[in-house]
Amino acid sequence: KPARTSGKLTYVPLLGIGGRLTYAFHTRYAWEAAVAFATGTSASYGAFPDPGGGPAGDLARTTRLARLELGATMRLGVRYIPTLHAGVGAAIRFRGGGDFTTFGQTQDDALASEVVLDLVGVGGLGFDYRINRRWIAGASVELRHAIPIGGPSSDSVEGFFHVSYYWYPRLFPFSD
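Residues numbered from 1 in each chain as written. Predicted model: local features only at pLDDT ≥ 70, side-chain atom pairs only at ≥ 80, totals over all residues. Heavy atoms only, no water.

S.K.: For this particular structure, what's the right way to read the overall build of the chain?
M.R.: Assigned secondary structure in the chain consists of zero helices and 13 strands. Beginning at the N terminus, the succession of helices and strands in the chain can be written as β-β-β-β-β-β-β-β-β-β-β-β-β. Here the C-alpha atoms of the chain give a radius of gyration of 20 Å, more than 25% beyond the 16 Å that 2.2 N^0.38 yields for 176 residues. The principal-axis extents of the C-alpha atoms in the chain amount to approximately 65 × 25 × 25 Å. Taking the contacts inside the chain whose residues are at least 6 apart along the sequence as the reference set, 58% of them involve residues at least 24 apart. Within the chain, one finds 17 positive and 14 negative side-chain charges whose respective centroids are separated by 13 Å. (Helix = DSSP H or I, 4+ residues; strand = E, 2+ residues; numbered from the N terminus. Rg over C-alpha atoms; globule rule 2.2 N^0.38 Å. Contact = heavy atoms within 4.5 Å. Lys, Arg positive; Asp, Glu negative; His and termini not counted. Charge placed at Lys NZ, Arg CZ, Asp CG, Glu CD.)

S.K.: Just checking my understanding: could you explain the nonpolar core for this structure?
M.R.: Generally speaking, soluble globular proteins have nonpolar side chains that are buried together. Counting seven residues, the largest nonpolar core consists of Val-12, Ala-43, Tyr-45, Phe-48, Leu-59, Phe-100 and Ala-110. Looking at this core element by element, the count peaks at three residues for strand S5 (residues 43-48). (Core = buried A, V, L, I, M, F, W, Y, C linked by side-chain atoms within 4.5 Å. Buried < 20%, exposed > 50% of the residue type's maximum accessible area, 1.4 Å probe, protein only.)

S.K.: Could you clarify how one ought to interpret the environment of Pro-148 in this entry?
M.R.: Considering the arrangement of structural elements, one finds Pro-148 in strand S12 (residues 135-149). Taking relative accessible area as the criterion, Pro-148 reaches 24% and is therefore assigned partly exposed. Residues Pro-148 and Val-35 lie 113 residues apart in sequence; the distance between their C-alpha atoms is 18 Å. Ignoring any residue separated from it by four or fewer positions in sequence, one finds Pro-148 in contact with Arg-93, Val-116, Leu-117, Asp-118 and Ser-153.

Laid out in structure tokens, this is it:
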């Protein structure tokens with residue numbers, strides 16, 4: 001997950017868990033709602049301006065997030081299923097207090113923790129395999145861009161593996 005500071009990018013691993021509820025009106029496309037919770041490892045930023053006004057130093061902080069998205073997925077097959085996904089949503093990022101180090105001295109929580117609300121856009125590609133009528137397994141890669149409301153932007157490239165159970169309730173008369 002990159003974080004932009006002073007024109008430099010910092011990349012950290014992001015690990016989380018999520019769930020997705022899907023409803024298909026047709027065999028080719030499905031509407032989806034997804035929720036996810038994730039945390040990154042500590043991101044380090046060099047030559048960061050001292051929050052107390054002294055010389056620049058190194059800043060380290062951890063970010064966690066909770067996200068809700070709505071979107072659609074196009075499915076381009078029956079047994080072997082390439083997929084295209086697009087969605088929008090909102091995320092809350094919990095940016096932990098920053099530890100600031102200069103001249104070998106570390107000041108814990110020199111930069112206050114904060115909560116940032118983001119608008120999120122997502123696009124993805126995937127491939128699913130239909131094991132039988134009810135079970136599907138697959139993998140996907142999704143690109144996300146977070147447009148912040150009161151904080152720095154955030155971009156991520158996320159990979160997913162899933163095993164899904166399909167249920168066909170026929171709730172609407174116009175469903176295939």
